[in-house]
Amino acid sequence: SVLVGVPAETGLRYVGRVTAAFNDNGAGVRGDLQAVIRAVLLDPEARSGALGSGELSEIRGKVREPMIRLIAVARAMEVGDPGGIIFPVANLSGASTGVGQSPLKSPSVFNFFRPGYAAPQSVLGSLGYVAPEYQLLNGPVIAASVNKINEFVRVAQNYLLVDITHLRDLAGQPRTLVERVSLLLTGSTLPLADLDAFTQVVGKVASKDRQLRAQVALQLVASSAAFLV
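Model, not experiment: these values are computed from the prediction.

Visitor: Describe helix α4 (residues 66-76), and please don't skip the residues or the numbers.
Guide: Judged by how many residues are buried, α4 sits mostly within the fold: eight of 11 residues are covered. Of the residues making up α4, those classed as buried are P66, M67, R69, L70, A72, V73, A74 and A76. Against the buried residues of α4 lie α6 (139-155), α7 (165-168), α8 (174-186), α10 (210-222) and α11 (225-228). E78 lies just past α4 and shows a positive phi near 50 degrees.

Visitor: Summarise unusual backbone geometry; cite the residues concerned and give the values.
Guide: With a phi angle near 50 degrees, E78 is a residue other than glycine that sits in the positive phi range. Checked against the element boundaries, E78 lands in the loop between α4 and α5 (123-126). Backbone geometry at L104 places phi at a positive 65 degrees, although glycine is not the residue there. Tracing the sequence through the fold places L104 in the loop between α4 and α5.

Visitor: Can you lay out the nonpolar core for me, pointing to particular residues and giving the numbers?
Guide: Of all hydrophobic cores here, the largest spans 34 residues; its most connected members are V73, M77, F152, V181, L185 and L218. Elements supplying a minimum of two residues to this core: α4, α6, α8, α9 (192-203), α10 and α11. Residues Y14, V18, V36 and A39 belong to the second largest nonpolar core, which totals five residues.

Visitor: Requested: an account of the pattern of salt bridges, with residues and values cited.
Guide: A full pass over the atoms with the stated rule returns four salt bridges. In this structure, the salt-bridge partner of E179 is R175, at a minimum N-O distance of 3.3 Å. With E179 and R175 both in helix α8 and four residues apart, the pair spans about one turn of that helix. Classification of E179 by relative accessible area gives partly exposed; the value is 36%. Residue R175 is classed as partly exposed on the basis of its relative accessible area of 29%. The closest approach of N and O atoms between D196 and R175, which form a salt bridge, is 2.5 Å.

About the thresholds
Residues numbered from 1 in each chain as written. Predicted model: local features only at pLDDT ≥ 70, side-chain atom pairs only at ≥ 80, totals over all residues. Heavy atoms only, no water. Buried < 20%, exposed > 50% of the residue type's maximum accessible area, 1.4 Å probe, protein only. Helix = DSSP H or I, 4+ residues; strand = E, 2+ residues; numbered from the N terminus. Contact = heavy atoms within 4.5 Å. Core = buried A, V, L, I, M, F, W, Y, C linked by side-chain atoms within 4.5 Å. Salt bridge = Lys/Arg side-chain N within 4 Å of Asp/Glu carboxyl O.

Written out as structure tokens, the structure reads:
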């Protein structure tokens, strides 16, 4: 995948180092997949993100596509199939009523966005960086995708088997609940300021309504920048 803020030549160098690990694991062995996985995950560019300078010194990450965000929330809710019902997402391609993207609805055979896309008149673009998934983003889509995830969190149980027992059990401890949702959706990268703010909001929900507390925690974290990137 193409990362936000990664120039093409940088990505090629990364691929080159992974290829070298496949060709030789350091002990003269070719095709050692453990060595390849180590090269992919432990490469300095994959871990540090220090590719730019100044405000861009920590460019890293990848914008989640709208459908990937929705599926991530579904996984956190441990969505299952009650018997013959397919994931009820319908056509979400609309920019005002959907999320600007829908499975099997790519406008061309080249996917939903161009791999070399850079937002016009952006700092990233002026420095030669690409951010392909940004091609899907505009004001209506941003608002609609957040609204659609909020709607899904509230009504999914009407269509699918939803098991958020693992979250309801933590509802008596708002901070622990938010941290758990952050782990599931962001890999525990939610900033401290967001953790504090979300904990306060969840804590204002009546303690007896454990289901709603869990849903609010999901909605808040799923709307955060840490989840979107």
